[in-house]
There are 2 protein chains.
Amino acid sequence: MYCVGVDIGGMSVKIGVVDEKGNILKKDRVVTDVAGGPHKIITDIGNCIKSLVDINDRDFLGIGIGCPGAINSARGTVDRAFNLNWYHVALADELARIINTHIKVSNDANVAALGEAMYGAGRTYTDSIFLTLGTGVGGGIVLDGKLYEGNESKGAELGHMVLVVDGEPCSCGRKGCMEAYCSATALIRETKKAMTADKSSLMWKVAPTLDDVDGKTAFECSKQGDRAANEVVNYFVKYLGEGMLNFANIFRPQAIILGGGVCAQGDYLIYKLKDYCKDRNYGFADTPRFDILTARLGNDAGIIGAAGLIFADIK
Amino acid sequence: MYCVGVDIGGMSVKIGVVDEKGNILKKDRVVTDVAGGPHKIITDIGNCIKSLVDINDRDFLGIGIGCPGAINSARGTVDRAFNLNWYHVALADELARIINTHIKVSNDANVAALGEAMYGAGRTYTDSIFLTLGTGVGGGIVLDGKLYEGNESKGAELGHMVLVVDGEPCSCGRKGCMEAYCSATALIRETKKAMTADKSSLMWKVAPTLDDVDGKTAFECSKQGDRAANEVVNYFVKYLGEGMLNFANIFRPQAIILGGGVCAQGDYLIYKLKDYCKDRNYGFADTPRFDILTARLGNDAGIIGAAGLIFADIK
């Protein structure tokens, strides 16, 4: 038994054949022809899938799709996806006209959360929260083994929880969202701020100009004991920890899983986060604590998680 | 068909016979004999129920119980309830020894949320968030018509979502929780602060000394145009609005229902909240908006919601 997982990105669409254990058996990709419009991309996806699997094979169970933007997963539609320039695209229906099978669509961050929960870092838990820390902060929620997307699949916007009323401006228009403190973008902003304030920081050796700063700069120098870099890392850990504690108080998940580039910091980041959260978790001796883990599926998370939409559905 | 709803409070236990439409057919109460210990209270509850219903009647479906503190609803145990001085009390099992029927236990705020969702302000919605603004801020979550309590029923601690990292101290030990901004306690604190800063405020007429200040003082004077009182109300609305928007981004509920004394402000509060949230709701034209409503069940919410635990379970 196998499914096809489709991971639609702004540059390319990654497509894989995935078995029920989350192994990718075959994969391919097509260019995301944004200018060609949705019909062209969907046709390209359909043709690619046909080249990978025999669509009449009884072991072929369906197609799961992760797509950026606002999705209505019950209808299989993409309501809005800015970077694809898609508005009200009946993705599942259009693809079903090419390949008549079971098709499920969800938001890309939700799909990654499901993938990690079913096949990755969250495999041994029933309740997990996934946060992906990149340009923005995305997230997904898995409750009792099932993906929770919010009413009309428009919730789980975990990056847009305000942590500081009147705080740093966020891309969403509000101020003080978790995204404005815990994204790679925010980390870079704080790194630059700290470097500007401390011309003697080791960070100037690693990043000779402010344009050279990336999400690793502060972490690298913090590991070497640089005071200014340490403060940047502690700032990042503090806000991320506060956000995680908020989710803990709402969902009491068994695990919070972190994805995105900053996870390359591995245990250095995880230990600091555990230390921050240890004494701040609401409740008493019998209140369940949460594990903090980095994502495991890497670049294939989108394909594997998308296939998971189908496997989870037929369970 | 009818259930018994039990609402355990620090002073008294309210007990009612409730039909499937949420009507209370009969009710009674027993004193919460905290000094007597859990066995005494549970025996008193059992005897009171026996005096209200024929426990052998086939139309008697079971007993729902709302209890303050940390509950394990799967096991029917009270892990901790400070103001009852209860620790690891097997509430459902002990009561079942007196009355052998279907028994469910949940946290009192969760029970009130379920009651409002099934029989009160949330009746027409499938997804609602309930916030009760009193000494603290409690809450409950109803998703797709079902009570969501978090893993091990230890989540839904909605008042302990930090809105301001490093903000006002909260009873839970963290700083900046919603409870520290949106409880009646916080409203009174801000009212006193504003009065101290403005000796000419109308609030001094309504509350001649700071000891006379209550949750209504600022609202009453704001309605009469007092500037200082207005600022207090706007402060309260702003933080409450930000908290509600956070929950909207996570759950995208159809409604957020407010309980507690401040709801006596009715439309005056609701209009201001709607106005605050209107332009700040994340998402686009097709993202569902949430209604803001005050609770409807009043003092009987605990009994009705507790009975709802049984009706929801047998549905």
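The structure presented is a predicted model; accordingly, all values stated were derived computationally and were not measured.

Visitor: Quick rundown of the overall build of chain A? Include the residues and the values.
Guide: What chain A contains, in helices and strands, is 10 helices and 13 strands. Taken against the 2.2 N^0.38 rule, which gives 20 Å for 315 residues, the C-alpha radius of gyration of chain A at 20 Å falls within 12% of a compact globule. Taken along its principal axes, the extent of the C-alpha atoms in chain A is 65 × 50 × 35 Å. The long-range share in chain A, meaning contacts at least 24 apart out of those at least 6 apart in sequence, stands at 62%. As displayed, chain A offers around 12700 Å² of accessible surface, 48% of which is attributable to carbon and sulfur atoms.

Visitor: Give a detailed account of the packing of helix H1 (residues 37–52) of chain B against helix H2 (residues 91–98) of chain B, specifying residues and quantitative values.
Guide: Residue and element names in this part refer to chain B. Packing of H1 against H2 brings their axes to within 9 Å, and their N-to-C directions diverge by 45°. When the axes of H1 and H2 are compared, the pair comes out oblique. The element H1 and its partner H2 pack so that their crossing is right-handed. Every residue of H2 that contacts H1 at His39, Ile42, Thr43, Ile45, Gly46, Ile49 and Lys50 is listed here: Leu91, Glu94, Leu95 and Ile98. Within the contact of H1 with H2, the residues separate by chemical class into six nonpolar, three polar and two charged.

Visitor: Provide a residue-level description of the environment of Glu231(B), including the pertinent values.
Guide: Checked against the element boundaries, Glu231(B) lands in helix H8 (residues 227–251). Measuring from C-alpha to C-alpha, the distance between Glu231(B) and Gly176(B) comes to 19 Å, with 55 residues separating the pair along the chain.

Visitor: With reference to specific residues and values, describe the sheet that holds strand S8 (residues 103–107) of chain A.
Guide: Where strands meet in a sheet, backbone hydrogen bonds hold them as pairs that are either parallel or antiparallel. Residues and elements named next belong to chain A. With mixed pairing, five strands are arranged side by side in an open sheet as S3-S2-S1-S4-S8. Lying at the two open borders of the sheet, with one neighbouring strand each, are strand S3 (24–31) and S8. Neighbour to neighbour, the strand axes of the sheet diverge by 20° on average, direction disregarded. Each of strand S1 (2–8), strand S4 (60–67) and S8 is contacted by helix H2 (residues 91–98), which is oriented at about 150° to S8, the strand it contacts most.

Visitor: A description of the side chain of Arg174(A) should follow, citing residues and the corresponding values.
Guide: Structurally, Arg174(A) is set in the loop between strand S11 (146–148) and helix H4 (179–182). For Arg174(A), a relative accessible area of 4% corresponds to the buried category. At a separation of 3.4 Å, a polar atom in the side chain of Arg174(A) contacts the main-chain carbonyl oxygen of His160(A). Those residues in contact with Arg174(A), other than ones at most four positions away along the chain, are His160(A), Val162(A), Pro169(A), Glu242(B), Leu245(B), Asn246(B), Asn249(B) and Arg280(B).

Visitor: Go over the pattern of salt bridges with me, naming the residues and quoting the values.
Guide: Residue and element names in this part refer to chain A. Evaluation of the coordinates by the stated rule reveals 28 salt bridges over all chains. The partner of Asp198 in a salt bridge is Arg227, and the shortest N-O contact between them spans 3.5 Å. Of this pair, Asp198 sits in the loop between helix H5 (184–197) and helix H6 (203–206) while Arg227 sits in helix H8 (residues 227–251), placing them 29 residues apart in sequence. If you follow the salt bridges from partner to partner, you end up with Glu168, Arg189, Glu190 and Lys193 in one network.

Visitor: Can you break down the environment of Ile292(A) residue by residue, with the values?
Guide: Residues and elements named next belong to chain A. Within the fold, Ile292 resides in strand S13 (residues 291–294). On the basis of relative accessibility, which here comes to 3%, the residue Ile292 falls in the buried class. Each C-alpha atom, one on Ile292 and one on Lys272, is 10 Å from the other, the two residues being 20 residues apart in sequence. Ignoring sequence-local partners within four residues, the contact set of Ile292 consists of Met244, Ile256, Leu258, Ile270, Leu273, Lys274 and Cys277.

Visitor: Hey, could you go over the confidence of the model for chain A for me, with residue numbers and the actual values?
Guide: Residues at a pLDDT of 70 or more form 99% of chain A, whose mean pLDDT is 95. As scored by the predictor, the complex reaches a pTM of 0.95 and an ipTM of 0.94.

Visitor: Hey, could you go over the nonpolar core for me, with residue numbers and the actual values?
Guide: Of all hydrophobic cores here, the largest spans 110 residues; its most connected members are Leu131(A), Leu258(A), Leu131(B) and Leu258(B). Apart from residues lying up to four places away in sequence, Leu258(B) is in contact with Leu131(B), Leu133(B), Leu240(B), Cys263(B), Leu269(B), Ile270(B), Leu273(B), Ile292(B), Leu293(B), Thr294(B) and Ala295(B).

Visitor: A description of the relation of the copies chain B and chain A should follow, citing residues and the corresponding values.
Guide: Relative to chain A, chain B is turned by 180° and slid 0.0 Å along the rotation axis, the superposed coordinates differing by an RMSD of 0.0 Å. Accordingly, the operation relating the two chain copies is best matched by a two-fold axis. Interface overlap between copies is the fraction of interface residues in one copy that are interface residues in the other; for chain B against chain A it reaches 100%, indicating a shared surface.

Visitor: Residue-level account of the packing of H8(A) against helix H9 (residues 266–278) of chain A, with values.
Guide: Residues and elements named next belong to chain A. Where H8 meets H9, the closest approach of the two axes is 9 Å, and the angle between their N-to-C directions is 55°. It follows that H8 is oblique to H9 by the angle criterion. Crossing of H8 over H9 shows right-handed handedness. In contact with Asn230, Val233, Asn234, Phe236, Val237, Lys238, Leu240, Gly241, Glu242, Met244 and Leu245 of H8, H9 contributes Leu269, Lys272, Leu273, Tyr276 and Cys277. Here the contact of H8 with H9 is built from residues that sort into 10 nonpolar, three polar and three charged.

Visitor: Can you lay out the pairing of strand S12 (residues 255–259) of chain B for me, pointing to particular residues and giving the numbers?
Guide: All names here are of chain B. Of all five residues in S12, five are buried, a share of seventy percent or more. Both faces of S12 are covered, namely the face carrying Ala255, Ile257 and Gly259 and the face carrying Ile256 and Leu258. Bridging between strand S9 (residues 128–133) and S12 involves five bridges; their strand directions are parallel. Residue Ile129 lies in a different strand from S12, and its bridge partner there is Ile256. Note: S12 against strand S13 (residues 291–294), four bridges, orientation parallel. Directly across from Ala255, in S13, lies its bridge partner Asp291.

Visitor: Summarise the packing of aromatic side chains; cite the residues concerned and give the values.
Guide: What the rule picks out here adds up to 17 aromatic pairs over all chains. Ring geometry for Phe219(B) and Tyr268(B): centres 6.3 Å apart, planes at 75°, overall edge-to-face. In this pair, Phe219(B) is assigned in helix H7 (residues 217–223) and Tyr268(B) in helix H9 (residues 266–278), connecting sequence segments 49 residues apart. Given a relative accessible area of 0%, Phe219(B) falls into the buried group. Across from the ring centre of Tyr268(A), 5.3 Å away, lies the NZ or CZ of Lys223(A), which sits over that ring. Taking NZ or CZ as reference, Arg280(B) lies 3.8 Å from the ring centre of Tyr276(B), over its face.

Visitor: Break down the interface of chain B and chain A for me, with residues and values.
Guide: Counting from both sides, the interface comprises 44 residues of chain B and, opposite them, 44 residues of chain A. Carbon and sulfur atoms make up 56% of the area that chain B and chain A hide from each other, which totals about 3900 Å². In terms of surface lost to chain A, no three residues of chain B exceed Asn151(B), Arg174(B) and Ile250(B), which account for 17% of the buried area on that side. One can count four salt bridges joining chain B with chain A. In this structure, Asp166(A) and Lys238(B) form a salt bridge, with 2.5 Å as the shortest nitrogen-oxygen distance. Inspection of the chain B/chain A interface yields 26 residue pairs in polar contact (both at pLDDT 80 or more). The element that contributes the greatest number of residues to the side of chain B that touches chain A is H8(B), accounting for nine residues. Within the side of chain B that touches chain A, the residues separate by chemical class into 22 nonpolar, nine polar and 13 charged.

What counts, and where the lines are drawn
Residues numbered from 1 in each chain as written. Chains lettered and ligands numbered in written order. Predicted model: local features only at pLDDT ≥ 70, side-chain atom pairs only at ≥ 80, totals over all residues. Heavy atoms only, no water. Helix = DSSP H or I, 4+ residues; strand = E, 2+ residues; numbered from the N terminus. Rg over C-alpha atoms; globule rule 2.2 N^0.38 Å. Contact = heavy atoms within 4.5 Å. Areas by Shrake-Rupley, 256 points an atom, 1.4 Å probe, with all protein chains shown as cover. Axes fitted to C-alpha atoms, helices over the stretch in contact; angles between N-to-C directions. Parallel < 35°, antiparallel > 145°, perpendicular 65-115°, else oblique. Left-handed = near helix turned anticlockwise from the far one by under 90°. Nonpolar A, V, L, I, M, F, W, Y, C, P; charged D, E, K, R; others polar. Pairing = 2+ DSSP bridges. Buried < 20%, exposed > 50% of the residue type's maximum accessible area, 1.4 Å probe, protein only. Polar contact = N/O pair within 3.5 Å; in protein donor to acceptor, adjacent residues only side chain to side chain. Salt bridge = Lys/Arg side-chain N within 4 Å of Asp/Glu carboxyl O. pLDDT = per-residue confidence, 0-100. Core = buried A, V, L, I, M, F, W, Y, C linked by side-chain atoms within 4.5 Å. Least-squares fit on C-alpha atoms with pLDDT ≥ 70 in both. Phe/Tyr/Trp six-rings, centres within 6.5 Å; stacked < 30°, edge-to-face > 60°. Lys NZ or Arg CZ within 6 Å of the ring centre and 35° of its normal. Buried area = accessible area lost by both parts, 1.4 Å probe.

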